[in-house]
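Reading the structure
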Amino acid sequence: MYNLMVICFSTVTLFACVKSALPPPCDSEIYCTGPILHQMQTAKLFDDDKYFVDMKLRAAPDVVLAAFHNLSSKFPNNNVPPDDLREFLNEHFDKPGTEFETWTPPDWRDKPKFLGGIADEQLRKWAGEIHSLWKSLGRKMQTAVKDQPELYSLIYIPNPVVVPGGRFREVYYWDSYWVINGLLLSEMTDTALGMIQNFLYLVDRYGFIPNGGRIYYKNRSQPPFLTLMVESYYQTTGNKDFLRAALPVLEKEYRFWMTNRSVAIRLNGMMHMLNRYHVEADLPRPESYTDDLELAEGLTDELKQQLWMNLKAGAESGWDFTSRWFIDGDGHNNGTLKETLTSQILPVDLNALLCRNEKTLASFHRLLGDDDSAARYDQAAARRLEAVERVLWDAERGAWFDYNLVTFSRHSEFHPSNLAPVWAQCYSRPEMGEQAVQYLRGSGALEFPNGVPTSLKESGQQWDYPNAFAPLQHMLIDGLSKLPSKDAQQLAFDLAQRWIKTNWLAYIKYEAMFEKYDVNGDGKPGGGGEYEVQLGFGWTNGVVLQLLDQYGATLTSGGRHVSSGFLLPLVIAATLALQ
């Protein structure tokens, strides 16, 4: 059953489709709402709001709530002073991290085969050290999380995991795609399988995968990479029985996105269905509680709720936060974090990912002998491809752009996501891929020594200039490398060399891998946003291993030098072109 909101314009009609049965909200009166959360967070007892909501209860929630009620009743307006809050915390909560036990993945082995394909001795040694980091990022839940879940904000999952690192103590959804690809290269197929089974378990339980492994993330997801995780595992193992068991769960997640995150628009007389990020939860994020409260100061209650919903939608996108989601009072892609309107934007990369998912689901059904189901997903992919080209493709600029549902027009700013259909191979004419290469070359985004920035706007948000993130670099490089032209393939290698260089130099300086990097300078971590740059780091490690596997014969630790053996075919091709 849908509630349809219809907004009519001359050539465009928008239908925002919202299913009545939304994901189950977090109803914890300690971790998600209520006076304890409010007072603990607004007292700013910790530098990071996530710290409190990751703490474990020492007694049942009703006992802790009653104790807090008794404590707060002693003070005017029930406002407990900071010293008393600290004492209450020490009595009723344990520090974050106590819910995990030490765990080293048992399938970790020294010297996986892919290391032998890395020609540069320094890079080969570094890859071995990154391979060793999987051991320090492994986490296994205490059995008490399953037996007494009410004492934890952690969501129980049956298998151990590899986490991003730093403040991200638990598993995260889209991060895990690159983690799992790295684990598979490291020949840790059991650990990778366990993580995929955890996500299948979460879809069975909730109908979708929460943003991360905490109950306060239960009202939002993240970019839906589970189908591609299963594809990576199947390509590595050929395990058709696992594929057969997983496929109905993958379809269940796909239905969630099509039911709860889809928008149909009428453009020039034709209807098109595309997807967006959209979260119906109008309270501050528990893990960023004071940030959200302070940002909403001065707004009406209605605008506060709208802002908090759109901040959660921004978090669902994985890009939290970015000028990409800003829409100012005139409806244009400008403004500040306070003008975040994520749910009013149709993102290129989400729709490219779903296009690739649809094609992958079709291939899974075909592998398992179900041609009728395969044909249905083929048709879904074809419909989406047409929608992507009609709504998001700009033939003049030669790339795809996010679509603004306020002005019914495309945005124009550069983001690496503008080339996501190249990565997803979700375009109908070969020349579109080559046009996108020329768009990228003319965008100004290739002028930086350490990678492609997340945007060219310096907003102070982390998913903007000058930061670069491993997943976006990998999607860009992977997409370019699949194009037939030598120009695109050379550019893919060049970007891989830049990214390896900045990761390598930062590792030499800091003996650490980071969540994000600065596209300027000489190998340094990124900054900005709501928290300090994090060490670890799961997706960064996975992408570096993938690039070293793909280009290991030619990548160098000394900069952008390319071996003569790699350049020779390009020189010959260029010579022939001039004749």
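This text follows the structure it describes.
Heads up: these notes are all about the structure in this document. Positions within a chain are numbered from 1, following the residues in the order the chain's sequence is written. Local features are withheld for residues below a pLDDT of 70 in this predicted model, meaning they are given only at 70 or higher, and side-chain atom pairs are given and counted only at 80 or more; totals for whole chains, interfaces and linings count all residues. To obtain the side-chain values, all non-hydrogen atoms of the structure were used and water was disregarded.

**Details of the overall build of the protein**
Working definition: helices are DSSP H or I runs of at least four residues, strands are E runs of at least two. Numbering for both runs from the N terminus. A count of helices and strands for the protein gives 20 helices and 16 strands. Using C-alpha atoms as the atom set, the radius of gyration is obtained and then compared with a globule rule of 2.2 Å times the number of residues to the power 0.38. Computed over the C-alpha atoms, the radius of gyration of the protein is 24 Å, within 12% of the 25 Å expected from 2.2 N^0.38 for a compact globule of 579 residues. Each principal axis of the C-alpha atoms in the protein carries an extent, and together these give about 90 × 65 × 50 Å. For the exposure calls, accessible area comes from a 1.4 Å probe over protein chains only, and a residue counts as buried if that area is under 20% of its type's maximum, exposed if over 50%, partly exposed in between. Expressed as a percentage of its 579 residues, the buried residues of the protein come to 60%. Put simply, of all contacts in the protein between residues at least 6 apart along the chain, 70% involve residues at least 24 apart. The protein chains shown are the only cover counted for residues, whose accessible areas, like all others here, come from Shrake-Rupley with a 1.4 Å probe. Total accessible area on the protein is roughly 22,900 Å²; 50% of this is exposed by carbon and sulfur atoms. The contact criterion used throughout is that any non-hydrogen atoms of two residues lie within 4.5 Å.

**Side note on the pattern of salt bridges**
Pairing is possible between side chains of opposite charge, provided their charged atoms come close. The rule for a salt bridge is simple: a side-chain nitrogen of Lys or Arg has to be within 4 Å of a carboxyl oxygen of Asp or Glu. Per the stated rule, a full pass over the model turns up 30 salt bridges. The partner of Glu 129 in a salt bridge is Lys 125, and the shortest N-O contact between them spans 2.7 Å. Of this pair, Glu 129 and Lys 125 both sit in helix α5 (residues 121-136), 4 residues apart, which is roughly one turn of that helix. Overall, Lys 125 belongs to the exposed group, its relative accessible area being 53%. A salt bridge links Arg 390 to Glu 386; the nearest nitrogen and oxygen atoms lie 3.8 Å apart. With a gap of 4 residues between them, Arg 390 and Glu 386 both fall in helix α14 (residues 371-392), about one helical turn apart. For Glu 386, a relative accessible area of 33% corresponds to the partly exposed category. Each of Lys 50, Asp 54, Glu 99, Arg 169, Glu 170 and Arg 214 takes part in a single network of salt bridges with overlapping partners.

**Topic: the state of the cysteines**
Put simply, a disulfide is two cysteine sulfurs that come within 2.5 Å. This structure, assessed with the given rule, holds 2 disulfides. Linked covalently through their sulfurs, Cys 26 and Cys 32 form a disulfide whose S-S length is 1.9 Å. Here the disulfide of Cys 26 and Cys 32 is right-handed, its torsion about the S-S bond being about 85°. The same class applies to Cys 26 and to Cys 32, which are both buried.

**Looking at the sheet that holds strand β10 (residues 345-346)**
Reading across from one edge, β10-β13-β14 is the order of the 3 strands in this open sheet, with antiparallel pairing throughout. Lying at the two open borders of the sheet, with one neighbouring strand each, are β10 and β14 (409-410). Whether two strands pair depends on DSSP finding at least two bridges between them.

**A few points about the pairing of strand β9 (residues 270-275)**
Pairing of strand β8 (residues 262-267) with β9, which is carried by 6 bridges, proceeds in the antiparallel orientation. Bridge assignment links Val 263 to a residue of β9, and that residue is Leu 274. Between the antiparallel neighbours β8 and β9 lie 2 residues, among them Asn 268 with a positive phi of about 50°.

**Here we look at the side chain of Glu 389**
Assignment of secondary structure puts Glu 389 in helix α14. For the charge count, each Lys or Arg is scored as positive and each Asp or Glu as negative, with His and the chain ends excluded. There is no salt bridge for the buried Glu 389, and the closest opposite charge comes from Arg 429, which lies 4.0 Å off by N-O distance. At 2.7 Å, the side chain of Glu 389 and the backbone nitrogen of Ser 428 are in polar contact. Setting aside anything within four residues of it in sequence, one finds Glu 389 in contact with Tyr 427, Ser 428, Arg 429 and Met 432. Throughout this description, a polar contact denotes any pair of N or O atoms lying within 3.5 Å of each other; where both atoms belong to protein, one of them has to be capable of donating a hydrogen while the other can accept it, and for residues adjacent in sequence the pair is counted only when both atoms sit in side chains.

**Notes on the sheet that holds strand β5 (residues 100-101)**
The 3 strands are arranged β5-β6-β7 in an open sheet whose pairing can be described as antiparallel. With partners counted over all chains shown, the strands left at the sheet margins are β5 and β7 (161-162), one partner each. Note: strand β6 (residues 138-141) against β7, 2 bridges, orientation antiparallel. Pairing of Gly 138 across the sheet is with Val 162, part of β7.

**Points about unusual backbone geometry**
A cis amide bond links Asp 320 to the next residue, Phe 321, at an omega of 10°. The phi torsion at Lys 111 lies on the positive side, around 55°, for a residue other than glycine. By secondary structure assignment, the location of Lys 111 is in the loop between β5 and α5.

**Structural notes on the nonpolar core**
In this text, buried Ala, Val, Leu, Ile, Met, Phe, Trp, Tyr and Cys residues form a nonpolar core when linked through side-chain atoms within 4.5 Å. Ranked by internal contacts, the top residues of the largest apolar core, which has 177 residues, are Phe 52, Trp 126, Leu 226 and Trp 400. The element best represented in this core is helix α18 (residues 486-510), accounting for 11 residues. If sequence neighbours within four positions are ignored, Leu 226 has contacts with Tyr 173, Ile 196, Phe 199, Leu 200, Val 203, Ile 209, Leu 250 and Glu 253. Among the nonpolar cores identified, the runner-up in size contains 8 residues, and Leu 295, Phe 321, Phe 326 and Leu 337 belong to it.

**Let's talk about the environment of Thr 33**
By the secondary structure assignment, Thr 33 is in the loop between β2 (12-19) and α1 (35-42). The exposure class of Thr 33 is partly exposed, given its relative accessible area of 31%. Between the C-alpha atoms of Thr 33 and Arg 266, which are 233 residues apart in sequence, the distance is 39 Å. In this structure Thr 33 touches Ser 28 and Leu 283, once residues within four positions along its chain are discounted.

Function-wise, these values are silent; they only describe arrangement.
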